[in-house]
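Working through the structure, step by step
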Amino acid sequence: MPLPIDARKKPTDVKVYVTTGEGVAVTWSDGHASRYTFPYLRDHCPCATCNDEREKKAHEPPGTANPLPMFKPRVTAKSATSVGNYAIQIQFSDGHATGIYSFGALREMCPCEACATEFRSAAKETTA
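Since we're looking at a predicted model, the values are computed, not measured. (Residues numbered from 1 in each chain as written. Predicted model: local features only at pLDDT ≥ 70, side-chain atom pairs only at ≥ 80, totals over all residues. Heavy atoms only, no water.)

**What about the nonpolar core?**
This is how the line gets drawn: We define a nonpolar core as any set of buried Ala, Val, Leu, Ile, Met, Phe, Trp, Tyr and Cys residues linked to one another through side-chain atoms lying within 4.5 Å. Accessible area is worked out with a 1.4 Å probe on protein chains only. A residue is then buried under 20% of its type maximum, exposed over 50%, and partly exposed in between. Only DSSP runs of H or I with at least four residues qualify as helices, and only runs of E with at least two residues qualify as strands; both kinds are numbered from the N terminus onward.
Residues V24, Y36, L41, I90, Y101 and L106 are the most contacted members of the largest nonpolar core, which totals 21 residues. Of all the secondary structure elements, the ones that give two or more residues to this core are strand 2 (23-28), helix 1 (38-43), strand 5 (87-92), helix 3 (103-108) and helix 4 (113-127).

Structure, rendered in structure tokens:
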């Protein structure tokens, strides 16, 4: 039996500003508006490779991070495409393009404090 879809995770408007570099703007069915910069989306890429990399870093002993990281240019988007009617895929300036950002995942990773409390706190409770 399919899981019920959370109506709050359904977008009514999605705009991707590749040319201006502003990022992604989503208006949700409950009226909430989310804004995502391309560096934020790149840092939160949901692909398996990026998830594995984040998992490895989370298990590194404290103090093992490079204290003098090399300068990395700010990541931008080269292009973006829709994936069916449920997600967007972004090709980033660093060559990464495997992450598919479902609308449900985008709502859960909304950078605002209200969404962090509502969605990410609830997700932690279900996995704990």
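**Considerations on the sheet that holds strand 3 (residues 33-36)**
What counts is decided by this rule: Two strands qualify as a pair provided DSSP detects at least 2 bridges between them. Fitting a line to C-alpha atoms yields each axis, with helices limited to the stretch in contact; the angle taken between N-to-C directions then spans 0 to 180 degrees.
Pairing is antiparallel across the open sheet formed by three strands, whose spatial order is 1-2-3. The open sheet terminates on both sides in strands that have one partner only, identified here as strand 1 (11-17) and strand 3. For this sheet the average axis-to-axis angle between neighbouring strands, irrespective of direction, equals 10°. Where strand 2 and strand 3 come together, four bridges link them in antiparallel fashion. When the sheet's bridge partners are listed, T27 is paired in strand 3 with A33.

**Focus on the side chain of S34**
Rules: Any two residues whose heavy atoms approach within 4.5 Å are treated as being in contact.
Following the sequence through the fold, S34 ends up in strand 3. A residue is classified by how much of its surface remains accessible, and S34, at 0% relative accessible area, is buried. Contacts of S34, omitting those with residues within four sequence positions, involve V24, A25, V26, W28 and C110.

**What about the pattern of salt bridges?**
What counts here: In what follows, salt bridge is the name for a side-chain nitrogen of Lys or Arg lying within 4 Å of a carboxyl oxygen of Asp or Glu.
Under the defined criterion, the tally for this structure stands at six salt bridges. Notably, a salt bridge pairs D13 with K15, separated by 2.7 Å at the nearest N-O pair. Two residues, D30 and R107, come together in a salt bridge whose shortest N-O distance is 3.0 Å. With a gap of 77 residues between them, D30 in the loop between strand 2 and strand 3 and R107 in helix 3 connect regions that are remote in the sequence. Taking relative accessible area as the criterion, R107 reaches 2% and is therefore assigned buried. Among the charged side chains, a network of salt bridges with common partners joins D6, R8 and E118.

**Here we look at the pairing of strand 5**
Alignment of strand 4 (residues 77-83) against strand 5, held across six bridges, turns out to be antiparallel. Residue pairing across strands places V83 opposite A87, the latter belonging to strand 5. Counting the residues that bridge the hairpin from strand 4 to strand 5 gives three residues, and of these G84 lies at a positive phi of roughly 55°. As paired strands, strand 5 and strand 6 (residues 100-102) are joined by three bridges and run antiparallel to one another. Paired with Q89 across the two strands is I100, which belongs to strand 6.

**Some words on the side chain of R107**
Heads up, the condition is: We call two N or O atoms a polar contact when they sit within 3.5 Å, provided that within protein one can donate a hydrogen and the other can accept it, with sequence-adjacent residues counted only if both atoms are side-chain atoms.
A polar contact is formed between the side chain of R107 and the side chain of D30, at a distance of 3.0 Å. Setting aside anything within four residues of it in sequence, one finds R107 in contact with R8, K9, W28, D30, H32, Y36, C115 and F119.

**Some thoughts on the sheet that holds strand 4**
Across the sheet, which stays open at both edges, the three strands sit in the order 4-5-6 with antiparallel pairing between neighbours. Pairing within the sheet leaves two strands with one partner each, and these edge strands are strand 4 and strand 6. This sheet shows a mean twist of 25° between the axes of neighbouring strands, independent of strand direction.

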